[in-house]
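Residues per chain, in single letters:
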Amino acid sequence: YTAKLLRTEPRPVVVWFPQGELVPYGSPIRFARGLELLLRRAEVPLWVQTVGIYPLLWEHVRPELYAGFGRSWRLGPGLAGPTLEELSAAVEEELRELEVAVRRRSPFRVLLEGVRSPHEAR
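Note that the structure is predicted; figures quoted are calculated from it, not measured.

Criteria and thresholds
Along each chain, residues carry numbers from 1 onward, in the same order as the chain's sequence is written. Reporting in this predicted model follows two pLDDT cut-offs: at least 70 for local features of residues, and 80 or more for side-chain atom pairs to be given and counted; totals over whole chains, interfaces and linings ignore these cut-offs and use all residues. To get the side-chain values, take all heavy atoms of the structure and skip hydrogens and water. Runs of E in the DSSP output that reach at least two residues are strands. Runs of H or I that reach at least four are helices, and both are numbered from the N terminus. Working rule for contacts: check all heavy atoms of both residues, and any pair within 4.5 Å makes them a contact. Two N or O atoms count as a polar contact when they lie within 3.5 Å, although within protein this holds only if one can serve as hydrogen donor and the other as acceptor, and sequence-adjacent residues are included solely when both atoms are side-chain atoms. Relative accessibility thresholds used throughout: buried, under 20% of the residue-type maximum; exposed, over 50%; partly exposed, between the two (1.4 Å probe, protein chains only). Summarising the geometry, the arc corresponds to the directions from the helix axis toward the C-beta atoms.

K.L.:
Is there a simple way to think about the environment of Tyr54 in this case?
P.N.:
In this fold, Tyr54 is placed in strand β1 (residues 46–56). Tyr54 sits 14 residues away from Gly68 along the chain, and the two C-alpha atoms are 8.5 Å apart. Aside from chain neighbours lying at most four places away, what touches Tyr54 is Tyr25, Glu64, Leu65, Tyr66, Leu98, Glu99, Val102 and Arg103. Side-chain polar atoms of Tyr54 contact the side chain of Arg103, separated by 2.9 Å.

Next up, the structure:
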């Protein structure tokens, strides 16, 4: 289904969650073999982008969600894609770097903002 979807115009964005279920933060990242099959059989050019997502409550009721963009690959017919191990390592590295940046309170750009807690609602 995904391979067929990727051949449509305009090209869709496909988001692949490696675990397929909620797991505790820090669990090893394991991609299913279906992704490797899809990447190896790509009939159209693809862009693969790793993204780390780190939710944190701080002192607020509603969480803040941090995202970091890591390594990327350009794929297509005849181009070698990343292995599942390379993808897993890239996501784990991005998550580690993101956690350090968040804990150090590095500056981030706000992409979406709402009230931080029910007490701040107008």
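K.L.:
How do you make sense of helix α2 (residues 33–40) when you look at a structure like this?
P.N.:
Count 3.6 residues to each turn of an α-helix, and residues three or four apart come out pointing the same way. The complete set of buried residues in α2 reads Leu35, Glu36, Leu38 and Leu39. Down the axis of α2, the buried side of the element spans an arc of 160°, and every buried residue falls inside it. Along α2, the residues that are exposed and aim more than 90 degrees away from the buried face are Arg33 and Arg40. Elements in contact with the buried residues of α2: α1 (2–6), β1, β2 (64–75) and α3 (84–103).

On their own, these measurements won't tell you what the molecule is for.
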